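Tertiary structure, described
One letter stands for each residue in the lines below.
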Amino acid sequence: MAGDKDNQLFFSSRLLEWFAQYQRSLPWRENKDPYRIWVSEIMLQQTRVDTVIPYYHRFMEKFPSIDALADAPEEEVLKAWEGLGYYSRARNLQTAVREVKELYGGVVPDQPNEISSLRGVGPYTAGAILSIAFNKPEPAVDGNVMRVLSRFFLIEEDIMKPATRKVMEALVRELIPQGTASDFNQALMELGALVCTPKSPGCLTCPVMEQCAGRIAGQELVLPIKKKAKPPRDEYRIALLIEGNGDNRGRIRIRQRPEDGLLAKMWELPHILLPAGMSYDNNEENRQFIGEQRLAESQNPLVIMEPLMNIDHVFSHIHWFMRVYRCREESVELPSADYGDYTWLAAGERERYAFPNVFVRIMEAYWGK
DNA sequence: CAAGCGTGGCG
DNA sequence: TCGCCAAGCTT
């Protein structure tokens, strides 16, 4: 079916007609500035359009050019990304625009090997920039595209497997009509977003319904074939809302996460992973464990007061069950010193640090918005 | 290749 | 309520 030339021509021309009429007006479609396209593609990775739009406006206002982003302090970039998730995207994007300045004189390259070498630019994003901004006939295969193609051409490969994306890319190369790569790739994604949706596809309004092999076979709700993701593992954690004394009255302890791994370089309340089997009741065993862990880290004794709230937060691969205790530092000898990756935070200073969402919610519960 | 890496919305 | 996501990349 996928090799049928007439069928492919039908698909591509109908799709382009549909896109010309029904495409959404989106902020990154105002022009073909490759930097603007690039930023949008990074933000849109695994993220919904409606979520991205306000971030995109703020980001482009704050960092309107490659130079502006390259010259900004990293913490400002992370702050602009706060709440959007997958924070390595922000740091990688800044690394990449600095590469563009160093290697390409600040001009986004239009060669596949060059653009693909940039930090955070994988096969999809490279194809998206090359096609959308430069109209180069490169595939840009994302989840939408795989869903649309797997249905129309009745492809039953597991789309979770990297090898399947290769098959899709080869197919897209055949499908792009001469000179239409920018519109065609966007049309493919737009159809997936607006019509050929995961749960209840709007087949009756689909421009290519007549030839859709998946629908003809009655398989449109089964496709695409996708292996189930593993459920997140549970982690029980004690978070410490440590109130300062003396000069630090009204402030709380925060710390910066390491530069690798989960929530890298973001700021947070100190928290402790409980060993398997330990409950997080406010009992003696619990307080002693917290005290030991805390001592090992800060050398500063802690008085644990009452539990403030329970909060749980689900990442892609971890489910945090967190109990927040209000605490105060026992000693007033070190209170103003910033040691290690710790500092004190006052209620009005939150704009200076980027926090993952779960800690924003705790601080809002404590201080109000 | 499989796993690690966030978040909010929706049926 | 809760599983399933949504314009993926890195290791």
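The residue numbers shown here count from 1 along each chain, following its written sequence. Here chains are named by letter from A upward and ligands by number from 1 upward, in the order in which they appear as written. Only residues with pLDDT of 70 or above have their local features reported here, since the model is predicted, and side-chain atom pairs are shown and tallied only from 80 upward, although totals for entire chains, interfaces and linings are computed over all residues. Excluding hydrogens and water, the side-chain figures rest on all heavy atoms present in the structure.

Thoughts on the environment of Tyr 353
Counted only if it meets this: In this description a helix means any DSSP run of H or I spanning at least four residues, a strand means any run of E spanning at least two, and both kinds are numbered starting from the N terminus. In this analysis, two residues are considered to be in contact whenever any of their non-hydrogen atoms come within 4.5 Å of each other.
You can see Tyr 353 is positioned in the loop between strand E7 (342-346) and helix H14 (357-367). Along the primary structure Tyr 353 and Arg 165 are separated by 188 residues, whereas in three dimensions their C-alpha atoms are 38 Å apart. Setting aside residues up to four positions removed in sequence, Tyr 353 forms contacts with Lys 79, Glu 82, Ile 254, Trp 267, Thr 343 and Leu 345.

Description of the domain arrangement of chain A
Note on interface size: it is often stated as the accessible area lost on association of the parts. Stated formally: Domains are outlined according to an automatic or database domain assignment. Once two parts are joined, some of their accessible surface, as seen by a 1.4 Å probe, is lost; buried area is that loss totalled over both. Salt bridge, as applied in this entry: a Lys or Arg side-chain nitrogen positioned within 4 Å of an Asp or Glu carboxyl oxygen.
When cut into domains, chain A gives domain 1 (5-216) and domain 2 (233-367). For domain 1 versus domain 2, the distance between C-alpha centres works out to 39 Å. On the domain 1 side of the interface with domain 2, the three residues burying the most area are Lys 79, Glu 82 and Tyr 87, jointly 53% of the side's total. Our count for the domain 1 to domain 2 interface comes out at 1 salt bridge.

Details of helix H8 (residues 123-134)
Note the following rule: For a helix, the expected span equals 1.5 Å multiplied by the number of residues minus one. Residue burial is assigned from relative accessible area. The probe radius is 1.4 Å, only protein chains are included, and a residue is buried under 20% of its type maximum, exposed over 50%, and partly exposed in between.
When the terminal C-alpha atoms of H8 are compared, their 16 Å separation across 12 residues agrees well with the 16 Å that a helix rising 1.5 Å per residue should span. If you check which residues of H8 are buried, you get Tyr 124, Thr 125, Ala 126, Gly 127, Ala 128, Ile 129, Leu 130, Ser 131, Ile 132 and Ala 133. Of the surrounding elements, those touching the buried residues of H8 are helix H2 (34-44), helix H7 (112-116) and helix H11 (181-194). Positive phi shows up at Asn 135, right after H8, with a value of about 55°.

Focus: the confidence of the model for chain A
The condition that has to hold: The predictor rates its confidence in each residue with pLDDT, a number between 0 and 100.
Taken residue by residue, chain A gives an average pLDDT of 90. The fraction at 70 or more is 93%. Across residues 332-339, confidence stays below pLDDT 50; counting only partners more than four residues off in sequence or on other chains, it has 18 contacts.

Some points on the packing of aromatic side chains
This is how it is decided: In summary, the pairing rule links any two rings of Phe, Tyr or Trp, Trp by its six-membered ring, whose centres are within 6.5 Å, and it sorts them by plane angle into stacked for under 30 degrees, edge-to-face for over 60 and tilted for everything else. As a reminder, the over-ring test applies to NZ of lysine and CZ of arginine, requiring each to be within 6 Å of the ring centre and within 35 degrees of the ring normal.
Following the criterion strictly, the structure yields 13 aromatic pairs and no others. Relative to Phe 355, the ring of Tyr 353 has its centre 6.4 Å away and its plane inclined at 55°; by these criteria the two rings are tilted. The exposure class assigned to Tyr 353 is buried, which follows from its relative accessible area of 9%. With relative accessibility at 1%, the residue Phe 355 sits in the buried group. Three or more aromatic residues link up through ring pairs in this structure, and these residues are Phe 11, Phe 152 and Phe 153. Just above the ring of Tyr 55 sits the side chain of Arg 58; from NZ or CZ to the centre is 4.8 Å.

Some details on empty space enclosed by the protein
Short version of the rule: Here a cavity is any set of points on a 1 Å grid over the protein atoms alone where a 1.4 Å probe fits but cannot get out, and a pocket is any open set with protein on both sides within 12 Å along at least 5 of 7 lines; a residue lines the site when it has an atom within 4 Å of a point. Grid points are joined across faces, edges and corners, and a volume is the space filled by probe spheres set on the points.
According to the stated counting rule, one finds 1 cavity of 30 Å³ or more in the structure shown. In this model, the largest cavity occupies a volume close to 110 Å³. Looking at the lining of the largest cavity, the element that brings in the most residues is helix H9 (residues 143-152), giving 3 residues.

Details of the protein's contact with DNA strand B
Threshold: Any residue with at least one heavy atom within 4 Å of a molecule or strand is counted as near it. The term polar contact refers here to a pair of N or O atoms within 3.5 Å; inside protein, the definition further demands a hydrogen-donor-capable atom paired with an acceptor-capable atom, and it admits residues adjacent in sequence only when both atoms are side-chain atoms. Three classes are used, and their members are as follows: Ala, Val, Leu, Ile, Met, Phe, Trp, Tyr, Cys and Pro are nonpolar, Asp, Glu, Lys and Arg are charged, and the others, Gly among them, are polar.
Within the structure, DNA strand B sits among 21 residues, and Arg 48, Tyr 87, Leu 263, Ser 316 and His 317 are positioned closest to it. Considering DNA strand B, the proportion of its atoms within 4 Å of the protein that are sugar or phosphate atoms stands at 61%. Arg 48 has a polar side-chain atom sitting 2.4 Å from a base nitrogen of DNA strand B. The backbone of Pro 162 places a nitrogen or oxygen atom 3.2 Å from a phosphate oxygen of DNA strand B. Its residues placed into classes, the surface near DNA strand B shows 10 nonpolar, 9 polar and 2 charged.

Thoughts on the protein's contact with DNA strand C
Near DNA strand C you find 25 residues, and of these Gln 46, Gly 120, Asp 142, Asn 144 and Pro 198 are the closest. Atoms of DNA strand C within 4 Å of the protein belong to the sugar or the phosphate in 66% of instances, the rest to bases. The contact in question runs from a phosphate oxygen of DNA strand C to an N or O atom on the backbone of Tyr 124, over 3.4 Å. Gly 143 places a main-chain nitrogen or oxygen 3.5 Å from a phosphate oxygen of DNA strand C. Counting residues per element, the ones that place at least two in the surface near DNA strand C are H2, H8 and H9. For the surface near DNA strand C, the residue count by class is 9 nonpolar, 7 polar and 9 charged.

Here we look at the pattern of salt bridges
Applying the stated rule across the entire model yields 20 salt bridges. Here Arg 29 makes a salt bridge to Glu 190, at a shortest N to O gap of 3.1 Å. Highlighted residues: Arg 29 in the loop between helix H1 (5-22) and H2 and Glu 190 in helix H11, separated in sequence by 161 residues. Taking the relative accessible area as the measure of exposure, Arg 29 reaches 24% and is therefore partly exposed. We note a salt bridge from Arg 255 to Glu 268, for which the minimum N-O separation is 2.7 Å. Separated by 13 residues along the polypeptide, Arg 255 in strand E2 (residues 251-256) and Glu 268 in strand E3 (residues 267-268) bring together distant segments of the chain. The two residues Arg 255 and Glu 268 agree in class, both being buried. Linked through salt bridges whose partners overlap, the residues forming this network are Arg 24, Arg 29 and Glu 190.

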